[in-house]
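A look at the structure
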Amino acid sequence: MSIDLSGRVAIVTGAGGGLGRSHALALARYGAKVVVNDLQPAACEAVAAEITAAGGEALPWTCSVTDREGVFAMVAGVMDHWGRIDILVANAGILRDRTFANMDLDDFALVLDVHLMGSVNLTKAAWPHMREQGYGRVIFTTSSSGLYGNFGQANYGAAKMALVGLMQTLALEGRKFDIRVNCLAPSAATQMTESLYSEDDLKGLSTDLVSPGVVALASENAPTRAILLAGAGAFEQAHITMTQGIHLGAAPDAADRIEAQWSRISDRAAEQVPESGAAQYTHEVNHPDRVRGDALTAA
C-alpha cells in the first residue's frame, strides 16, 4: 500500500456502524489512529475493539455531533490523548423523509442540525489545531440527493448541498495551511437506506466498497475542493459548473430574450468550473458577447 497514514489521527463521526464503521476500519488499516465517535457507547467500543484486535489504535468517544460542547470536549480530549488531529470524517447523519408538503419543519431543522451543523461543530473545534500544525484533511459526507435532488428528501438534500458550499469555502481558506477539504457522496446499503431501496437494488452496495474513497481523500496527496462519488466499487467526480451564457446588457427586452435564448444560456459547451465565487463576476463583466459588442462599437 503506497498510502501511509501512520502517525495520523482521524476522527470519524457516526462510526458505530454502517459507513462510519467501514471508514474507521479502513483508516486504521492504513495506519491511522482512529477516534470512533457515535451516539451509542456499545457501538463505539465494539468498533474500537475491532481496530485494536487488528493491531491498530482506537479511542471510543460517545457524543452527539449536535452537542457543540460535547464535540469541543471530544476534540480537546483527542488533543490531550494523541496531541494532534489530522483527519476529520463527518459521517453522522439521520433521515426524516417526507414530501415537502407533509414535512414537519422540526424534522427539516433536525436534519440540517445533524448533517450540516454537526459537520460545522466538528470542523470548527478541530480547525485551529489543523491550522497550527499546518496540515489537515476534512471529508464531508454529501449525497446525490443534494447534488441532483431526490423525491421526499427536501431536508436531507438541502443539508447535503449546504455541505458542498461549506467545502468550497473552507478549501479556499485552508489552502495556505495545507488543509484540504473534500466531499464524499456515497451509495451504500446502510440502516439509513434499507427502507428506501429493494434488496435487489442494495446488492453489491457494501459500505466497504465506499471507504477506499475516504482513505484517498485522507491521504497526503489528496485533492481539495473535490466531490467524490462512490458506490459498488465505482468512483466518479461531480462538478459545480458555469456555462458561457449570453450578455444582454441593459436591453429593455432582456427578460424576453432570456426566455427566447434559454438553449444558449444552458449550452454546456465550454462550461467552466469556477475557482471561486468571484469567477462569476469576472466572467460577466468580461463576457465575450460584451467584449465583441464594445469592439464593434469602437470600430
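About the cut-offs
Residues numbered from 1 in each chain as written. Predicted model: local features only at pLDDT ≥ 70, side-chain atom pairs only at ≥ 80, totals over all residues. Heavy atoms only, no water. Helix = DSSP H or I, 4+ residues; strand = E, 2+ residues; numbered from the N terminus. Buried < 20%, exposed > 50% of the residue type's maximum accessible area, 1.4 Å probe, protein only. Contact = heavy atoms within 4.5 Å. Areas by Shrake-Rupley, 256 points an atom, 1.4 Å probe, with all protein chains shown as cover. Pairing = 2+ DSSP bridges. Phe/Tyr/Trp six-rings, centres within 6.5 Å; stacked < 30°, edge-to-face > 60°. Lys NZ or Arg CZ within 6 Å of the ring centre and 35° of its normal. Salt bridge = Lys/Arg side-chain N within 4 Å of Asp/Glu carboxyl O. Axes fitted to C-alpha atoms, helices over the stretch in contact; angles between N-to-C directions.

Bringing the overall build of the chain into the picture now. Broken down by element type, the chain carries twelve helices and eight strands. For the C-alpha atoms alone, the extent of the chain along its principal axes is close to 75 × 45 × 35 Å. Split into buried and exposed, the 299 residues of the chain put 45% on the buried side. Within the chain, counting contacts between residues at least 6 apart in sequence, those at least 24 apart form 69% of the total. For the chain, the exposed area adds up to about 15,100 Å²; of that, 53% sits on carbon and sulfur atoms.

Right, let's get into the pairing of strand β3 (residues 58-62). Where strand β2 (residues 33-38) meets β3, five bridges bridge the pair, whose relative direction is parallel. Residue pairing across strands places N37 opposite W61, the latter belonging to β3.

A separate point is the packing of aromatic side chains. All chains considered together, the criterion is met by one aromatic pair. With 6.3 Å between their ring centres and 75° between their planes, F100 and F108 make a pair best called edge-to-face. The positively charged end of R8 is found above the aromatic ring belonging to Y135, 3.7 Å away from the centroid.

Overall, the coordinates contain eight salt bridges when judged by the stated rule. Here R257 makes a salt bridge to D253, at a shortest N to O gap of 3.7 Å. Classification of R257 by relative accessible area gives partly exposed; the value is 31%. Between D289 and R264 there is a salt bridge, with its nearest N and O atoms 3.3 Å apart. With a gap of 25 residues between them, D289 in helix α12 (residues 288-298) and R264 in helix α10 (residues 262-265) connect regions that are remote in the sequence.

For the rest of this paragraph, the subject is the sheet that holds strand β1 (residues 9-12). As summarised here, the arrangement of the eight strands in space is β3-β2-β1-β4-β5-β6-β7-β8, forming an open sheet in which the pairing is mixed. Each end of this open sheet is capped by a strand with a single partner; those strands are β3 and β8 (234-238). Strand after strand, the sheet turns through a mean of 20° between neighbouring axes, direction not considered. Pairing between strand β5 (residues 136-141) and strand β6 (residues 179-187): six bridges, direction parallel. What sits directly across from V138, in β6, is V181. Relative to β3, helix α3 (residues 68-82) is tilted by about 160°, and along the sheet it contacts β1, β2 and β3.

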